Structures are given as C-alpha cells and as structure tokens.
There are 2 protein chains.
Amino acid sequence: MPQKRPSGTLSPPVIQRLSEYLLILEQFITQEQEVVSSRALATVYGNNSSQVRHDIFQIEHKGSQSHGYLCIELIKDIRIALNLQNEKNLCIIGMGNLGRAITAHVPFDKYGMNLSATFDIDPDVVGKKIGGIEVYSAESMMDILKEKNITMAALCVPATRAQKTCDQIIHSGVKGILNYSRIRLKVPEHVSVHYEQIICSFMQLSYKCSL
Amino acid sequence: MPQKRPSGTLSPPVIQRLSEYLLILEQFITQEQEVVSSRALATVYGNNSSQVRHDIFQIEHKGSQSHGYLCIELIKDIRIALNLQNEKNLCIIGMGNLGRAITAHVPFDKYGMNLSATFDIDPDVVGKKIGGIEVYSAESMMDILKEKNITMAALCVPATRAQKTCDQIIHSGVKGILNYSRIRLKVPEHVSVHYEQIICSFMQLSYKCSL
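Note that the structure is predicted; figures quoted are calculated from it, not measured.

To continue, consider the relation of the copies chain B and chain A. Note on the copies: chain B fits chain A at an RMSD of 0.0 Å, the axial shift is 0.0 Å, and the rotation between them is 180°. Overall, the copies show the geometry of a two-fold rotation axis. Among all residues of chain B, the one whose C-alpha sits closest to the rotation axis is Asn97 of chain B, at a distance of 2.4 Å. Of the interface residues in chain B, 100% have counterparts in chain A that sit at the interface too, so the contact is made through matching surfaces.

Below is the structure:
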C-alpha cells in the first residue's frame, strides 16, 4: 500500500501529473464523458493505471476505483489538492512574442491565478493594454509588485537581464518564478524557480526521434 | 553501482536532465569556468551530486569524477549521447505569438536541428518570411513536409484544429510533436508527443508558492 504524504507535500512529479490529469478530465467533460477508469486516464496521459491510482491516492478523493472515477468529482478534488481555490496574483515580465502569447492564451483565471500586471522596457508598449492587462514600465516594477501583492512571475526577458530582474522581483515579494530565459538563476531558498527551456524540450523530442 | 543502459535507451528523466546540464555547462564556459564538480553542477541544477554522477555515468564520458569534469569534454559527450550531431529538420505550425517567439529565440542550429519551414492559415502572413524562415500555407503543408524531409513539429495551433493537423503531419512523415495546444493527441505508437502545457507549469509553481 503506498504511503500517503502529509497534507501539502505532494512531490513535484505527482503535482505535474495531477495538473495534467486535470486538463484531461476537463477535456472528457467537454466530450460529455462523466466517468473514467484509471486505465482510460492512463492511456490518454501515457502512463499506466497503477501510477494513476497511486497519484489519486495521494489526494483526498472518495471516488471508487472499481466503478471508475466521476470526472467532475475528481476535478474538484485535484483542484483542492493543488490549492487552486486560493487566488494568487502573478505578472509577466517582458512583453515580446512569448509574453504576449502567455497573456493571450493561458487561462489563468480558470485555475486560481490572476494576471495582475505585465512589464516591459519598450516605451512604445508601456502604458498600453495587451490582452486587457496594463503594461507597466520596468522602473515602476518594484512598486507595482508590492502594491498588487504579486507573488508569482513569468520571466520572459533576455538572458543578460534575467538575474538582475530576478533579484529585483524577489526583493519585492515574488516567491515563484517561471523562468523562460536560458540561464540558471541564483535565488534564496524560499523562492521556487521552474525552468521552461524550450530548446531542452526540442532536444528530448529530437532524441526520441533519432532512436 | 548503477546499471548502464544499452546505447540509445536513456530514460526520459535522464535525457531531460542531461539537456539541462548541457545548457548549464555552456553557461560555465561563457563564464570561463573550465572544470566543474558534480556537487557544483548539482547546486546550479537543483538536485544532488549523486544524481549528477549517476546521469553522467549513463553516457560515454571518460572524465574523472575526483578532479571534477572538464566542461568542454562533458559538453561534447552529452551532445553525442543526445544524438545532437545528426541534424533533424523541424517545422513550426501556427505562427501566432508563440510560433514567432519560438522562431525568434530558440537556437535550433546550435543543437543539431534545422528549422526548415513554418506554416499558417493567415493569407497576410503566408509567403512572407518570419525570422528568416518562410511561412507556407496550410494547404501546402503535407507536400512541404515530405519535400523537406521534416520529422519534427511544434504544434502551436488552437485546440480545435490540433488533432486534425496532427493526423496530417503524421501522414506526411512527422515522428515527433511538441504539442502546445491544451488537448491530448491521439497518435500511433511510432510517434512521440511531448506536451508543453504552460498552464500546468503555472499550477506547479502556484502549488509551491502556496505551501
């Protein structure tokens, strides 16, 4: 029998899979599928049913394995386990194509996140709204972050400016950074950095394609 | 003593870490650091030195652990292990902000990949060049993929068009797909899909920030 961890300590791989199961379950709901077995969920995800059951065992979910999971109930419980019900404010720093793509396409509000501000250094963009969100200047960044209680940031700036920007936003209260720049960041222990290095995903895919 | 896998069968987590070590080692080189210990590499990556040693043990690398790894030699061997020396042709499908960001910022040619074509349905964009790469029409896609021997694709189209586009490109010889749409794709066994769901990365970060 796998051990259940104490509340609030899901491991990173489990969190990652649960977040992906959530999207799959929502896809089932739009297809009017109400019940899913661990095997069917595993097939769509690309793992195996025992891992699915093990992951779901980690969260508070009362659904019965034998008759399959009720999608809507499992969605509710994954959302609670991932703490999505507590809204967090986030910002995007660097409004080039990537920052704009994230602003336009990532449905933050559906997952307990509130895109509160974006920042750029280009005077042609500062003061305008992109996707309904105001673009603030880099100079005002530290004040705005505190004022709006922003605790998460997507860092979409060039590598040369990444560490300096990182230091500034941590000083202003940011605790979680999604880093799209290609350098590793030095951060204090209380700050989490999630690296999104697009070239690494392509390298992994390229490796699989070369087998 | 960890078991070495037969050549060409590195596991996905090992491939992922090796690709990230590669970027870190290149960062060291630009900072004129020639030698790195497993501990120092682990500190920058965010894991531990035994995992670093275990990962490097999986590849053909003759460097000595006791005196640290020579960055330039380790870079060379990781590149060989990841098959980066065999150039692969890839394309980007959907030239909205995300497709443009990938075209502009991902240094494919440095890592054995050749961005050979991009595709879009917008007549205002088709026939132009973005970042030096021609944008072809969706209608010509299947022919161009075959003609240019493209085996990898980044799928940056809306969810509603993702599966249909996926079916077409597989029919035209694509074996690896980096999927940015928020739906799971049905693919035959010989095709690899790597899911890049930006909202899932934010959910993982949000979870860590809420602890």
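On to the interface of chain B and chain A, then. Opposite the 60 residues of chain B that make contact, chain A presents 60 residues. The contact between chain B and chain A buries some 5800 Å² in all, and 66% of this surface belongs to carbon and sulfur atoms. Area buried by chain B at its contact with chain A is led by Arg184, Phe202 and Tyr207 of chain B, which between them contribute 14% of it. Across the contact surface, chain B and chain A share 2 salt bridges. Between Arg184 of chain A and Glu20 of chain B there is a salt bridge, with its nearest N and O atoms 2.7 Å apart. Inspection of the chain B/chain A interface yields 22 residue pairs in polar contact (both at pLDDT 80 or more). Sorting the residues of the side of chain B that touches chain A by element identifies α1 (12-30), α2 (38-45), β3 (88-93), α5 (97-105), β7 (150-155), β8 (176-179), β9 (192-195) and α8 (198-209) of chain B as the ones contributing at least two each.

Okay, the UniProt feature "domain: CoA-binding" (unreviewed entry) in chain A next. According to UniProt, the "domain: CoA-binding" (unreviewed entry) feature falls on residues 84-184 of chain A. Between the first and last C-alpha atoms of residues 84-184 of chain A the distance is 27 Å; the span itself is 29% helix and 31% strand.

What follows is about the pairing of strand β8 (residues 176-179) of chain A. Residues and elements named next belong to chain A. Residues Gly176 and Leu178 line one face of β8 and the alternating positions Ile177 and Asn179 line the opposite face, and both faces are buried. Across 4 bridges, strand β7 (residues 150-155) lies against β8 in parallel orientation. Residue pairing in the sheet places Met152 in a bridge with Gly176 of β8. Where the polypeptide runs from β7 across helix α7 (residues 159-171) and back to β8, its parallel neighbour, the crossover connection is right-handed. Taken together, the 4 bridges between β8 and strand β9 (residues 192-195) define a ladder with parallel strand orientation. Bridge pairing in β9 links Ile177 to Val193.

Take the side chain of Asp120 of chain A next. Residues and elements named next belong to chain A. The residue Asp120 is located in strand β4 (residues 113-120) in this model. No salt bridge is formed by the buried Asp120. Its closest oppositely charged neighbour is Arg100, at 6.5 Å. Dropping the residues within four chain positions of it, Asp120 is found in contact with Gly94, Met95, Gly96, Val126, Val135, Tyr136, Ser137 and Ala138.

Attention shifts here to unusual backbone geometry. All names here are of chain A. Notably, Glu32 is not glycine yet its phi reads approximately 60°, a positive angle. Position of Glu32 among the secondary structure elements: in the loop between α1 (12-30) and β1 (35-36). Here Glu32 falls in the exposed class, since its relative accessible area comes to 72%. Although it is not a glycine, Asn83 adopts a positive phi angle of roughly 60°. You can call Asn83 buried: its relative accessible area is 16%.

With that settled, consider the environment of Met203 of chain B. Residue and element names in this part refer to chain B. Structurally, Met203 can be placed in helix α8. Given the relative accessible area of 0%, Met203 is considered buried. Linking Met203 and Met152, residues 51 residues apart in sequence, is a C-alpha distance of 28 Å.

The UniProt record annotates "binding site: NAD(+)" (unreviewed entry) at Gly94, Met95, Gly96, Asn97, Leu98 and Gly99 of chain A. Looking at where Met95 of chain A falls in the secondary structure, it is placed in the loop between β3 (88-93) and α5 (97-105). Judged by its relative accessible area of 3%, Met95 of chain A is buried. Residues within four places of Met95 of chain A in sequence aside, it is in contact with Arg100, Thr103, Thr118, Phe119, Asp120, Ile130 and Val135 of chain A. Relative to the elements of secondary structure, Leu98 of chain A occurs in helix α5. With a relative accessible area of 12%, Leu98 of chain A lands in the buried category. When neighbours within four sequence positions are excluded, Leu98 of chain A is seen to be in contact with Cys156 and Tyr180 of chain A together with Leu98 and Ala101 of chain B.

A separate point is the packing of α1 of chain B against helix α4 (residues 71-81) of chain B. Residues and elements named next belong to chain B. In contact at an axis separation of 10 Å, α1 and α4 are set at 150° when each is read in the N-to-C sense. Here α1 lies roughly antiparallel to α4, going by the angle between them. As for how α1 packs across α4, the hand of that crossing is left-handed. Only Cys71, Ile72, Leu74, Ile75, Ile78 and Arg79 of α4 make contact with α1, whose side of the interface consists of Leu18, Tyr21, Leu22, Leu25, Glu26, Phe28 and Ile29. Across the contact of α1 with α4, the residue classes tally to 11 nonpolar, no polar and 2 charged.

About the criteria used
Residues numbered from 1 in each chain as written. Chains lettered and ligands numbered in written order. Predicted model: local features only at pLDDT ≥ 70, side-chain atom pairs only at ≥ 80, totals over all residues. Heavy atoms only, no water. Least-squares fit on C-alpha atoms with pLDDT ≥ 70 in both. Contact = heavy atoms within 4.5 Å. Buried area = accessible area lost by both parts, 1.4 Å probe. Salt bridge = Lys/Arg side-chain N within 4 Å of Asp/Glu carboxyl O. Polar contact = N/O pair within 3.5 Å; in protein donor to acceptor, adjacent residues only side chain to side chain. Helix = DSSP H or I, 4+ residues; strand = E, 2+ residues; numbered from the N terminus. UniProt positions renumbered as here; feature names shortened; annotations may be inferred. Buried < 20%, exposed > 50% of the residue type's maximum accessible area, 1.4 Å probe, protein only. Pairing = 2+ DSSP bridges. Right-handed = clockwise from strand over helix to strand, strands pointing away. Lys, Arg positive; Asp, Glu negative; His and termini not counted. Axes fitted to C-alpha atoms, helices over the stretch in contact; angles between N-to-C directions. Parallel < 35°, antiparallel > 145°, perpendicular 65-115°, else oblique. Left-handed = near helix turned anticlockwise from the far one by under 90°. Nonpolar A, V, L, I, M, F, W, Y, C, P; charged D, E, K, R; others polar.

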